[in-house]
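Examining the three-dimensional arrangement
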Amino acid sequence: YQRRVRGVSCNFTSTKKKMKVFQGLWTKQSSRTLATSSFFQRFASTQSGLKERLAQLIPAKFEEVKNIRKEHGNKLISNCTVDQAYQGMRGITCMVYETSLLDAEEGIRFRGYSIPECQKLLPKFKDGKEPLPESLLWLLMTGEIPTQQQTQSLSQEILSRARLPKHVEQMLDNFPKDLHPMSQFSAAVLGLQSNSHFSKAYSAGTTKDKYWESTYEDALDLIAALPLVASKIYRNTYKDRKIASIDSSLDYSGNFARMLGYKEAQFDELIRLYLVIHADHEGGNVSAHSTRLVGSALSDPYYSFSAGLNGLAGPLHGLANQEVLEWLLEIQKDLKGAEPTTENITEACWKTLNSGQVIPGYGHAVLRKTDPRYTAQREFALKHLPNDPLFKLVGKVYEVAPKVLTEQGKTKNPWPNVDSHSGALLVHYGLVEQNFYTVLFGVSRAFGVLSSLVWDRALRFPLERPKSVTTEWVKANLHSFK
C-alpha cells in the first residue's frame with residue numbers, strides 16, 4: 001500500500017533495494033541512523049490488524065442495532081422537562097455513544113472497563129506501570145482488551161503515519177507567538193484536511209457501508225499527527241522552535257514527551273496516564289458532542305475534530321484545570337511559605353465561596369463521588385512526588401473542601417474531579433505554560449471522539465437534527481405539559 005514519509009512517496013511492496021533508498025532518506029531527515037531491521041519494523045509492518053478486526057465486528061453490531069430499532073424503536077427512553085430545555089439539556093438521555101459510559105457512582109467506563117480496571121488490564125510500555133494510549137485506542141475501537149503484540153503493532157502503525165504536510169508546518173511557523181495555542185491547534189487540524197481519505201472517497205462515490213473505512217484511515221492519521229502539531233505549537237510558542245525526531249524504539253507517549261522536550265521516564269508515564277484518563281467521557285460533553293454533531297453532516301474527521309477542539313477551548317470545558325491551578329497558586333502565595341493545614345485551607349475555601357465563586361475542580365454534572373481520574377492522578381503523585389509542595393496543597397484541599405462544600409449545602413457533589421489534580425502534576429515536571437494544557441487535553445480527547453466517529457459511520461447514524469421551540473411556544477403549550 002502507499003504511504004508518505006515527509007513528502008516522499010513510498011511503495012512498501014517494492015524491493016529491498018528501494019527500502020535501502022528510503023532508509024537513507026529517513027536517516028537524513030531524522031539525524032538518527034536506523035538499523036535495517038528497525039526500519040523494516042517501523043515502515044513495512046504498519047498493519048496492526050485493528051482495521052481488519054473492526055471489519056469482523058461491524059456487521060454483527062450493525063444488525064444488532066437494526067434489530068433493536070425494529071423491535072423497540074417506538075419505546076420511550078427519556079422525558080424532557082421545561083427546565084432541561086432551558087438549562088443545557090442536562091440529564092436528557094437522547095443519544096447512543098458506543099465508546100464510553102459515565103456512571104454517577106463509578107465514574108467513566110471505557111467499553112465497560114473502569115479506570116482502575118484499565119490501569120490493571122491494558123498493556124504497558126516495557127517496565128512501565130501506566131497503560132498505553134495505543135492499547136486504549138484498540139479497546140475503544142473494538143471493545144476488546146488488546147494483547148501486548150497487538151498494542152505494539154498498533155503503536156508502530158501510528159508512528160508510521162506520523163507526518164505533517166509542508167503547508168501545515170509553514171502555517172504553524174508563521175503563527176504569531178501570542179496566538180492562543182488552541183487557536184493554532186484547531187487551525188492546524190483543518191490544515192491537515194487536505195489529506196482526508198474520507199473526503200476523497202466521498203467525492204469518488206463510495207457507498208455508505210464503506211464510510212467507516214476512510215473515516216478510520218483519517219482517524220489514525222490524525223491521531224498520529226497530533227503530537228507533531230502539539231509539539232510544534234509548544235516549541236514555537238514557548239521554546240526554541242526545535243523538535244526532536246521520532247524514535248521508533250519509543251511508544252506514542254514517549255515520542256510525544258521527547259518532541260515536547262522532556263526526557264524523564266516518569267514524565268513519559270505521566271503522559272501515558274494523562275492521555276488515557278482524558279480520552280473519553282461519553283457523548284454529551286461539549287467536545288465529544290461537537291465532534292459528533294459536525295460529523296453527522298458527513299464532514300470528515302478533520303472538520304469534525306476541529307469543531308470539538310473549539311468547544312474544548314471554552315472556559316466551562318477544557319480550561320477548568322487552568323482555573324484550578326491558578327486558584328492553588330494563589331493560595332500558595334497567600335500562605336507565604338507556610339504548610340497547608342486544615343485551618344488555613346478551610347479559611348481559603350470559605351473565602352472563595354463567600355466571594356461568590358466556586359471552588360474550582362470540585363463537583364461534576366454527573367458524578368456523585370470522587371472522580372476515579374482524580375484518584376489515578378493522586379496515586380501517581382503519591383508514588384512519584386509525595387513531597388512536592390503543590391501536591392501537598394492539593395491533598396490538603398482534598399481533605400477539607402468536601403466538608404466545606406457539604407456544610408455550605410449548595411452542591412450535590414462535593415468531591416474532586418479530574419481537573420483538580422492534573423495541573424499540579426504538569427507543574428512538577430516543569431510544564432508550566434498553562435495555555436498549553438488544553439492542547440494536551442485535545443490530543444487525548446482525539447482517541448475517544450474519533451473512535452466514536454468511526455462507529456457512527458459504521459452504524460450509519462444519520463444527521464443530527466433535534467427539534468427546537470421558542471419561549472412563546474412554551475408559554476402557549478404549558479397547559480398540555482404533564
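Quick summary incoming for the structure in this document. Predicted model only: the values in this text are computed from it and were never measured. (Residues numbered from 1 in each chain as written. Predicted model: local features only at pLDDT ≥ 70, side-chain atom pairs only at ≥ 80, totals over all residues. Heavy atoms only, no water.)

What about the overall build of the chain?
- Scanning the chain for helices and strands turns up 22 helices and five strands.
- Taken over C-alpha atoms, the radius of gyration comes to 23 Å for the chain, in line with the 23 Å a tight globule of 482 residues would show.
- Once the C-alpha set of the chain is aligned to its principal axes, its extents read approximately 75 × 60 × 45 Å.
- Considering the chain as a whole, with its 482 residues, one finds that 52% of them fall into the buried category. (Helix = DSSP H or I, 4+ residues; strand = E, 2+ residues; numbered from the N terminus. Rg over C-alpha atoms; globule rule 2.2 N^0.38 Å. Buried < 20%, exposed > 50% of the residue type's maximum accessible area, 1.4 Å probe, protein only.)

Some points on the sheet that holds strand S4 (residues 107–110)
- As summarised here, the arrangement of the three strands in space is S3-S4-S5, forming an open sheet in which the pairing is antiparallel. With partners counted over all chains shown, the strands left at the sheet margins are strand S3 (100–103) and strand S5 (113–114), one partner each.
- Taken together, the four bridges between S3 and S4 define a ladder with antiparallel strand orientation. Its bridge partner being in S4, Asp-103 is matched across the sheet by Gly-107. (Pairing = 2+ DSSP bridges.)

Regarding the pairing of S3
- Only one face of S3 is covered, namely the one carrying Ser-100 and Leu-102; the face carrying Leu-101 and Asp-103 has none of its residues buried.
- As consecutive antiparallel partners, S3 and S4 are separated by three residues.

Overview of the side chain of Ser-135
- Its place among the elements puts Ser-135 in helix H6 (residues 133–142).
- A residue is classified by how much of its surface remains accessible, and Ser-135, at 0% relative accessible area, is buried.
- Setting aside chain neighbours within four positions, we find Ser-135 in contact with Leu-122, Pro-123, Pro-146 and Thr-151. (Contact = heavy atoms within 4.5 Å.)

Observations regarding a nonpolar patch on the surface
- Together, Val-82, Tyr-86, Val-469, Trp-473, Leu-478 and Phe-481 make up a nonpolar patch on the protein surface, roughly 540 Å² of accessible area in all.
- Within the secondary structure, Val-82 is located in helix H4 (residues 82–86).
- The partly exposed category is assigned to Val-82, whose relative accessible area is 34%. (Patch = residues over 30% accessible without salt bridge, like charges linked within 9 Å, V, L, I, M, F, W, Y side chains within 5 Å. Areas by Shrake-Rupley, 256 points an atom, 1.4 Å probe, with all protein chains shown as cover. Salt bridge = Lys/Arg side-chain N within 4 Å of Asp/Glu carboxyl O.)

Things to note about the environment of Ala-60
- For Ala-60, the position within the fold is in helix H3 (residues 50–72).
- Residue classification places Ala-60 among the exposed residues on the basis of a relative accessible area of 55%.
- Along the primary structure Ala-60 and Ser-194 are separated by 134 residues, whereas in three dimensions their C-alpha atoms are 33 Å apart.

What to know about the pairing of S4
- One ladder, built from two bridges, connects S4 with S5; its direction is antiparallel. Following the sheet pairing, Phe-110 is matched in S5 by Tyr-113.
- Hairpin connection between S4 and S5: a loop of two residues separates the two successive antiparallel strands, and Arg-111 in this loop has a positive phi of roughly 50°.

What about the nonpolar core?
- If you look at the biggest cluster of nonpolar residues, it comprises 114 residues, and the most contacted ones within it are Phe-185, Leu-226, Phe-267, Phe-305, Leu-431, Phe-436 and Leu-450.
- If we ignore the near neighbours within four places in the chain, the residues touching Phe-436 are Pro-181, Ala-230, Ile-233, Tyr-234, Tyr-238, Leu-260 and Leu-431. (Core = buried A, V, L, I, M, F, W, Y, C linked by side-chain atoms within 4.5 Å.)

As for the packing of H6 against helix H7 (residues 148–161)
- Running from amino to carboxyl end, H6 crosses H7 at an angle of 105°, the nearest separation of the two axes being 9 Å. Taken as axis vectors, H6 and H7 run roughly perpendicular relative to one another. Touching Glu-134, Ser-135, Leu-137 and Trp-138 of H6 are Gln-150, Thr-151, Leu-154, Ser-155 and Ile-158, all from H7.
- Across the contact of H6 with H7, the residue classes break down as four nonpolar, four polar and one charged. (Axes fitted to C-alpha atoms, helices over the stretch in contact; angles between N-to-C directions. Parallel < 35°, antiparallel > 145°, perpendicular 65-115°, else oblique. Nonpolar A, V, L, I, M, F, W, Y, C, P; charged D, E, K, R; others polar.)

Some details on unusual backbone geometry
- The phi dihedral of Glu-282 is positive, around 50°, even though this residue is not glycine.
- Judged by relative accessible area, Glu-282 falls into the partly exposed class, the value being 23%.
- For Lys-336, which is not a glycine, the phi torsion comes out positive at approximately 55°.
- With respect to the helices and strands, the residue Lys-336 is situated in the loop between helix H16 (320–335) and helix H17 (342–354).
- Assessed through its relative accessible area of 76%, Lys-336 is described here as exposed.

Examining helix H11 (residues 211–238)
- An ideal rise of 1.5 Å per residue puts 40 Å on 28 residues; H11 measures up with 40 Å between its terminal C-alpha atoms.
- The largest bend in H11 is about 30°, located at Ala-225, with the proline Pro-227 one to four residues further on.
- With 26 of its 28 residues buried, H11 lies for the most part within the structure. (Expected span 1.5 Å × (residues − 1). Bend = angle between axes of the 7 residues up to and from the residue.)

Some remarks on the packing of aromatic side chains
- Following the criterion strictly, the structure yields 10 aromatic pairs and no others.
- Plain terms: the ring middles of Phe-198 and Tyr-211 are 5.6 Å apart, the flat faces sit at 75° to each other, and that makes the pair edge-to-face. In this pair, Phe-198 sits in helix H10 (residues 197–203) while Tyr-211 sits in helix H11, placing the two residues 13 residues apart along the sequence. Accessibility classification places Phe-198 together with Tyr-211 in one group, the buried group.
- The interplanar angle of 50° and the centroid separation of 4.9 Å between the aromatic rings of Tyr-234 and Phe-436 together place this pair among those described as tilted. Taken together, the residues Tyr-234 in helix H11 and Phe-436 in the loop between helix H20 (419–428) and helix H21 (437–458) connect sequence positions 202 residues apart.
- Look at Tyr-234 and you get buried, because its relative accessible area is 0%.
- With a relative accessible area of 0%, Phe-436 lands in the buried category.
- Through a chain of ring-to-ring contacts, three or more aromatic side chains come together here, namely Phe-198, Tyr-202 and Tyr-211.
- Across the ring face of Phe-198, the terminal group of Arg-457 is positioned such that the distance to the ring centre comes to 4.6 Å.
- When the ring centre of Phe-62 is taken as origin, the NZ or CZ atom of Arg-460, which lies over that ring, is 4.2 Å away. (Phe/Tyr/Trp six-rings, centres within 6.5 Å; stacked < 30°, edge-to-face > 60°. Lys NZ or Arg CZ within 6 Å of the ring centre and 35° of its normal.)

Details of helix H19 (residues 389–408)
- Under the 1.5 Å per step criterion, the end-to-end length of H19 is 28 Å for 20 residues, consistent within 8% with the ideal 28 Å.
- Those residues of H19 that sit buried are Leu-390, Phe-391, Leu-393, Val-394, Gly-395, Lys-396, Val-397, Val-400, Ala-401, Pro-402, Val-404 and Leu-405.
- Its buried side turned inward, H19 meets H16, H17, helix H18 (372–384) and H20.
- With a side-chain oxygen lying 3.0 Å from the backbone nitrogen of Leu-390, the N-terminal cap of H19 falls on Asp-388.
- Directly beyond the C-terminal end of H19, a positive phi value near 80° is found at Gly-409. (Polar contact = N/O pair within 3.5 Å; in protein donor to acceptor, adjacent residues only side chain to side chain.)

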